[in-house]
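Below, each chain spelled out in residue letters.
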Amino acid sequence: MNIFKLNNTTFRILQYHIMEHPENNEEYKGLTVNHGVSSQPIVNPYRRTRARKRSLTAAEYVEGIRKGDVSVLGQAVTLVESTADAHQAIAQEVIEKCLPYSGNSKRIGITGVPGAGKSTSIDVFGLHVIGKGGKLAVLAIDPSSERTRGSILGDKTRMEKLSQQKEAFIRPSPSAGSLGGVARKTRETIVLCEAAGYDNIFVETVGVGQSETAVHSMVDFFLLIQLAGTGDELQGIKRGIMEMADGIVINKCDGDNIERAKLAAAQFSNALHLFPPTPSKWRPEVLTYSGYFDLGIDKVWDMIDRYFEYVKRTGYFERKRNEQEKYWMIETINEQLLGQFYHNPEIKSLLEQKELRVLNNEQSSFTAARDVLDHYYGTLRK
């Protein structure tokens, strides 16, 4: 029993009974307070629990993907991105069964510094592709926070027109701090999208760091988007990214920026003459366009069509894809070996011991690493 005192008047309140308000006492004439509504349960008794979706089999995933079911395709991509062993097992089975139906698309990598207008450009490029009767899948690698590992995954909102097209499939993926991991999963997602009938694949890079190298190893054409009038045109002329580019386009060539864009195009074109010939012997072209005002899009896509016609005629198209297949086989082996090494319980314990010895200047970093590797190789021989 709980007891409350108010104005020398004692009210006894029994649990599970309705409380009498002190304002209804004779001392407060003219003021009436009605009884409140009895407490309601927190959980709605009329709420129906939603039945859990039945897990699809690998054959059902493949059937849905082949029919072009976007929902099933999205679920399959989620399986590919999952780190759970059970999910990876079925994902790899789905990929294997989709392989015979893959390889029939134009794979185009798109990169550029943040703010260059990659998403806006993809929006208008995609509409151009769909307008010509094609289907498009956009795989955007979204940077993750180094502290929280979170990603905004907002690329779809920046492709406002394209996201409304039923012929387009847009899928942002978080880098989650592991560029190699997300690159491999993007490579596998390409197989699923091709099996679903998408004959054009855009892979948008983070735009910073080494993501360009990973994306270059999974696409046929690598498009570099640059800006003019930012004061760093020469900063953008770097051997690494320039040598990978099959085409360079200067965005925002509109209004007062037209002359600056043309000047930047001339600078990039002159710089390309200083580089050795590309493996395909294709000479990259430099064009100007405006993604926002939808100007010059036809010229950019005509350049891409000319490239594909050239590399298929010379046989470089098949050679490059074969090299990429071997590259990803080796990359997968490296990833698996690293995972097995660092997840080994004995190695984890030994690494902690060696780290302390290194920090206390009791052993050098090189001999500590050698001891850890020798121990690991010893466990493999047992």
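What this report covers is the structure whose coordinates are included nearby.

Definitions and limits used
Residues numbered from 1 in each chain as written. Predicted model: local features only at pLDDT ≥ 70, side-chain atom pairs only at ≥ 80, totals over all residues. Heavy atoms only, no water. Helix = DSSP H or I, 4+ residues; strand = E, 2+ residues; numbered from the N terminus. Buried < 20%, exposed > 50% of the residue type's maximum accessible area, 1.4 Å probe, protein only. Contact = heavy atoms within 4.5 Å. Areas by Shrake-Rupley, 256 points an atom, 1.4 Å probe, with all protein chains shown as cover. Salt bridge = Lys/Arg side-chain N within 4 Å of Asp/Glu carboxyl O. Pairing = 2+ DSSP bridges. Axes fitted to C-alpha atoms, helices over the stretch in contact; angles between N-to-C directions. Parallel < 35°, antiparallel > 145°, perpendicular 65-115°, else oblique. Left-handed = near helix turned anticlockwise from the far one by under 90°. Nonpolar A, V, L, I, M, F, W, Y, C, P; charged D, E, K, R; others polar.

Let us now look at the overall build of the protein chain. Scanning the protein chain from terminus to terminus reveals 14 helices and nine strands. Burial statistics for the protein chain: of 382 residues in total, 42% are counted as buried. A sequence separation of at least 24 residues applies to 70% of the contacts in the protein chain between residues at least 6 apart. For the protein chain, the computed accessible surface area is about 23000 Å², with 53% contributed by carbon and sulfur atoms.

Right, let's talk about the side chain of Thr189 for a bit. Within the secondary structure, Thr189 sits in helix H6 (residues 179–195). Each residue touching Thr189, except ones within four places of it in the same chain, is listed here: Val77, Val80 and Leu139.

Here the structure, examined in full by the defined rule, presents 13 salt bridges. Ionic pairing is found between Lys106 and Asp305, a salt bridge with its closest N-O pair at 2.8 Å. One end of the pair, Lys106, is in strand S3 (residues 106–112); the other, Asp305, is in helix H11 (residues 297–314), and 199 residues separate them in sequence. Its relative accessible area of 22% is what places Lys106 among the partly exposed residues. We classify Asp305 as partly exposed; its relative accessible area is 23%. Residue Asp371 pairs with Arg370 through a salt bridge whose shortest N-O separation is 3.9 Å. Among the residues examined, Asp371 registers a relative accessible area of 25% and is labelled partly exposed. Given the relative accessible area of 47%, Arg370 is considered partly exposed. Here the residues in one salt-bridge network are Lys106, Lys132 and Asp305, joined through shared partners.

Of all five residues in strand S6 (residues 200–204), five are buried; the element is thus mostly enclosed. Of the two faces of S6, the one lined by Asn200, Phe202 and Glu204 and the one lined by Ile201 and Val203 are each fully buried. Judged from the five bridges that link them, S3 and S6 form a sheet pairing that is parallel. What sits directly across from Ile110, in S6, is Glu204.

As a further point, take the pairing of strand S8 (residues 247–250). Sheet faces and side chains relate simply in a regular strand, where the side chains alternate between the two faces. Burial of S8 is two-sided: the residues Gly247 and Val249 facing one way and the residues Ile248 and Ile250 facing the other way are all buried. Direction of pairing for strand S7 (residues 221–226) relative to S8: parallel, over a ladder of four bridges. Following the sheet pairing, Leu223 is matched in S8 by Gly247. Sheet topology note: the S8/strand S9 (residues 285–288) ladder contains four bridges and is parallel. Bridge pairing in S9 places Ile248 opposite Val286.

At a closest axis distance of 9 Å, the pairing of helix H1 (residues 58–66) and helix H3 (residues 85–98) adopts a crossing angle of 45°. What the angle tells us is that H1 and H3 run oblique. Where H1 crosses over H3, the handedness of that crossing is right-handed. Taken together, the residues of H3 that come into contact with H1 (itself represented by Ala58, Ala59, Tyr61, Val62 and Ile65) are Ile90, Glu93, Val94, Lys97 and Cys98. In the contact of H1 with H3, the residues fall into eight nonpolar, no polar and two charged.

Read these as spatial facts, not as claims about activity.
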